[in-house]
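# Commentary on secondary and tertiary structure
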Amino acid sequence: MSSPIVFGEIPSIKEGHWFKGRKEMMQAGCHRKWAAGIDGNRNDGAAAIVLSGGYEDDEDLGDEILYTGAGGNDPNTGKQIEDQSWENPGNAGLRLSMNQGLPVRVFRGYTHKSKFSPQSGYVYAGLYSVVDAWQETGKSGFKICRFRLLYIGQNEERKTPESIELDYSNRDKERKGTVILRIVRDTKIAHDIKELYDYKCQVCQFTIITKSGKYAEGAHIRPLGKPHDGDDNPNNVLCLCPNHHVMFDKGLFSIQDNLKLIGNVSGELFVHHKHKLNTLNLQYHRKINGYN
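Attention here is on the structure that accompanies the text. (Residues numbered from 1 in each chain as written. Predicted model: local features only at pLDDT ≥ 70, side-chain atom pairs only at ≥ 80, totals over all residues. Heavy atoms only, no water.)

### Some points on helix 4 (residues 242-249)
Looking at helix 4, one finds that the buried residues are H244, H245 and F248. All buried residues of helix 4 fall inside an arc of 105 degrees around its axis, so they share one side. Against strand 13 (217-220), strand 14 (237-240), strand 15 (253-255) and helix 5 (279-288) lie the buried residues of helix 4. G251, located one to two residues past helix 4, shows a positive phi value of around 75 degrees. (Buried < 20%, exposed > 50% of the residue type's maximum accessible area, 1.4 Å probe, protein only. Helix = DSSP H or I, 4+ residues; strand = E, 2+ residues; numbered from the N terminus. Arc of directions from axis to C-beta. Contact = heavy atoms within 4.5 Å.)

### What about the pairing of strand 6 (residues 104-109)?
Burial analysis of strand 6 places 6 of its 6 residues in the buried class, the great majority of the element. Alternating residues of strand 6 divide into V104, V106 and R108 and R105, F107 and G109, and every residue in both groups is buried. Note: strand 3 (residues 45-51) against strand 6, 4 bridges, orientation parallel. Within strand 6, the position partnered with I49 by the bridge is V106. Pairing geometry for strand 6 and strand 7 (residues 122-137), over 6 bridges, is antiparallel. Note on strand 7: the bridge partner recorded for V106 is G126. (Pairing = 2+ DSSP bridges.)

This is the structure in structure tokens:
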């Protein structure tokens, strides 16, 4: 029986860790599949991928990876010989990880043609987020499932998505246009809160249905990290739709201790009887957004 799927960092495995082979990766719980490139399934999501040179359409830019999904290739040549499908468990898992903001561990193998690959064995490249998924015709003329992944690890020497600006301007124009990527990251606690509410927004009671299932976002009431130092605790997490998540983070509305909504949104926050909120976090959110 295979070990349970684990998302995020493996405590004993640091970024840059080198493995002699797949066996060692499996023993460490980093990637549970002996031959497959994707460790995941359609029900839980995908927790890890391996870049091993098996697909001709892969593009490895370091902190950005354009990854080819699973299926339809000749393992001896890396060329596609038939179409890929979203029904493939690995492809469905990666798309679910994108929808739910689940982190993906990325490993590079020695057979992967990239300047970032090791000379032998496999190296752990860190955590990435799946930010886009689509189908296109690959180099061999067959449909392939494509995924765009961006580095979200804690290495300060590497760019994270929040610091990347994409310039879509025409070079012969003075005016420049940029877009900042918004990455949704979920902790296990945020994921559990969304499951508790069956992905229904606590503000508008609306559930978004996607091709990969239901979608919502876990929103921390008191933000994590400095200078806010909020806890990743169920009493500090809400289940919100993307619109109300952004509005809440930007302070367009807040929540009173009695759960009444104030600001640009009216009504009352729906709270499951098993979900206990910390009123100190509600007070902190009101304070930093000018509601006190």
